[in-house]
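# Structural description and commentary
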Amino acid sequence: MKRNRNPGKVWERATPGFDAAVLATSFSGRDPGVRPKVYVQANTAEDVIAAVQRAQREALKISLVSGGHSWAQNHLRADGLLIDLSRLHRIEIDEAAMTARVGPGCWSVDLDIALKKRGLFFPVAHAPDVCLGGYLLQGGFGWNGRALGLACESVIGMDVVLADGSLVHANAQQHADLYWAARGAGPGFFGVVVRYHLRLYPHPKVTALMFQVFRMVHLEEVFRWADAVGPNVPRSVEFQMLLTPKALGIFSPGIEVIAPVLADSWEEAREAVSFIRNSPLRPKASLTLPLLPVSTVLMSRGASFTHFPDRMRWCADNMWTDAPIDDLLPGLRRVADTLPPAPSHALWLNWQPPAERPDMVFSMEAKRYFAVYGEWKRAEDDAKHEDWATGCMGAMAAHSQGIQLADENLGRRPARFMRDEKLAKLDRIRAKYDPEGRFQAWMGRIKPGP
Ligand SMILES: Cc1cc2nc3c(=O)[nH]c(=O)nc-3n(C[C@H](O)[C@H](O)[C@H](O)COP(=O)(O)OP(=O)(O)OC[C@H]3O[C@@H](n4cnc5c(N)ncnc54)[C@H](O)[C@@H]3O)c2cc1C
C-alpha cells in the first residue's frame, strides 16, 4: 500500500476519479462492483463527527476503512457513506508511563520503528501496512502475541465517535460496555475509533528467526511432528508452517517451517527453537538455516515482499481447530495439492491459547489456527481461483470450532466467530449505542446455536 500524503476531502459519486479513489483504499486489487454514495477522507476527529452527522441526516449506512487490509473488502458496501481513517496516523509516546496514543491509520511498521528507537515494544501485526484501526478491533495476532497476549488486551482505552456523532472515551471505567465490545467485534464494531490508547512493553533484547524447508511429499509426517511438539513450544516462539507452491530454497511445492523468537538472551532464544534443531525429521529437511538475528521490521517487510504483495486479487478463509491431526491431514493434503500459483499459501499456526483471557467480546480460539490465502493477478482468472479458499475451509468445517475475524470471509462463508453468549451480549450493546443500525456489521453471520 502507499501512505496517504495528500489532505483528505469529501468525494461525491459524481466527483471525477471517485471510483479509483474508493478502490485505492483496498489492499486487494479486486473490484467487488459496489460503491458508496459518499466517500469521506477524514483529516481529523471533527471530520469524522461531521461525516457521521451527515450519514444520520441522509439516512446513509456507514462503513469504515483504516488500512484497507480486510481480505473481504468489508468496507466496500453499496450506497452508504464510507469514512477513511488512514490520515489519522499520529503516534504519541509517553516513555515514562510506557503508553502510547495512536491513530487508527497508523501502519504497524511505523509504530514498531517509533517504539524500537525508545527501547519499547507493542505486538503489532506481521505485515508492515496493516493499520491499527481494523487490527486491534478483531483481536490482533501480532509479534510476540503468544507471550504478550492478543494486541487488543494491551488497548487501555479508545476515543470513539458514536452513531449520534458524540465523541466518547471508553476504557475499563467509562463506557466499559463499549470497551468490552471493541476488543474483538472486528468489522462488526458500531462506532468509529479515532484514537487508541496502548500499553507498551520493553523491547525484547533478541529478535531472531529459525527457518527450515521440507518438500510437500513429507506433509503428513511434518504435520504429525508439529502437532506433537506444539503444546511444549515456548511462548516466545511463533511456530508456524506455510504450505507454498514455491518454497524458499527449493522453488517447488513445500512446507516452510518458520519460527520467529523474541527473547531476552541468545541462550534463551537458541533453547526456545531447539525443538526444530533437534527434530527427528531434520535429516528429511531440504534446508535448515541456523537461528539468525532478524528484526521484526525486517521480518514484516520480508513477509510482505514474499507472500503479501499488494494490488493482487485475493481470496482468504480460515479455521480454529482442536481436531485430532489424523482427521485434519486429508484436508491439509487437499489444500497443498490445489494451491493456486505462488505467492498463494496456507498458514498453520501453533497458537495454544492460555487458559484465561480478560473479559472481552473476543472469545473464539483453539490450539491451532489454519488459514488459506489464494492470490492471482488477472481478472480473467477470478473464476478459476475465487472459490478456492471457501471450498478448502468449507470441506474442513466439521473439524473447526469457528473462525478468526482477522482473515474473515463471512460474506461468502458465514461461520461462528465468537461464543454465542458473547455475540448475544454484543447485540444488546449495539442496540444501545447504534439503535438505528447506522454502522454496517459483518458481511454475514450464522444464527447462534441452541
Ligand atoms: C497482508 C495482510 C497481513 C495481515 N497480517 C495480520 C497479522 O499479522 N495479525 C492479525 O491479527 N491480522 C493480520 N491481518 C488481518 C488484519 O489485521 C485485518 O484485516 C484488519 O482488519 C486490518 O486492519 P486495517 O485497518 O488495515 O483494515 P480495514 O480493511 O481498514 O479494516 C477492516 C474493518 O475494520 C473496521 N475498522 C477499520 N478501522 C476502523 C476504525 N477506525 N473504527 C471502527 N472500525 C474500523 C471496519 O469494519 C473495516 O471494514 C493481515 C491482513 C493482511 C491483508
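In every chain, residue numbers begin from 1 and rise along the written sequence. Local features in this predicted model are restricted to residues of pLDDT 70 or higher, and side-chain atom pairs are both shown and tallied only at a pLDDT of 80 or more, whereas totals for entire chains, interfaces and linings draw on every residue. To get the side-chain values, all heavy atoms of the structure are used, and hydrogens and water are removed first.

The name an unreviewed UniProt entry assigns to the chain is FAD/FMN-containing dehydrogenase, from the organism Fluviicoccus keumensis. One UniProt comment on the chain, placed under Cofactor (unreviewed entry), says "FAD". Regarding the chain, the UniProt comment filed under Sequence similarities (unreviewed entry) reads as follows: "Belongs to the oxygen-dependent FAD-linked oxidoreductase family." UniProt positions are given in the numbering used here, feature names are shortened, and annotations may be inferred rather than shown by experiment.

## A look at the sheet that holds strand β14 (residues 254-263)
In this analysis, strands are considered paired if DSSP registers two or more bridges between them. Put simply, DSSP marks the helices as runs of H or I at least four residues long and the strands as runs of E at least two long, and each gets a number from the N terminus on. Overall, antiparallel pairing links the 7 strands, which are arranged β15-β12-β14-β13-β17-β18-β16 in an open sheet. Each of the sheet's edge strands pairs with one partner strand only, and the pair in question is β15 (287-293) and β16 (313-321). In this sheet, adjacent strand axes meet at a mean angle of 15° when their direction is disregarded. Bridge count between strand β13 (residues 240-244) and β14: 5 bridges; the pairing is antiparallel. Paired with Q240 across the bridge in β14 is I258. Strands in contact with helix α7 (residues 219-229) are β12 (206-215), β13, β14, β17 (345-350) and β18 (368-376); relative to β13, the strand with the most contacts, it is inclined by about 165°. Where helix α13 (residues 388-396) meets the sheet, its contacts fall on β16, β17 and β18, and the angle it forms with β16 comes to roughly 15°. Helix axes are fitted only over the stretch in contact, all axes being lines through C-alpha atoms; the angle between N-to-C directions runs from 0 to 180 degrees. In this description, contact between two residues means that some pair of their heavy atoms is separated by no more than 4.5 Å.

## With respect to the pairing of β18
In regular strands, side chains alternate between the two faces of the sheet. Note on classification: 1.4 Å probe, protein chains only; a residue is buried when its accessible area is under 20% of the maximum for its type, exposed when over 50%, partly exposed between these limits. Along β18, 9 of the 9 residues are buried, which leaves the element largely enclosed by surrounding structure. Side-chain alternation along β18 places R368, F370, V372, G374 and W376 on one buried face and Y369, A371, Y373 and E375 on a second face that is also buried. Here β16 pairs with β18 via 9 bridges, running antiparallel. Bridged to W320 within β18 is Y369. Strand direction decides the pairing type here: β17 and β18, joined by 6 bridges, are antiparallel. For A346, the partnering residue across the bridge sits in β18 and is V372.

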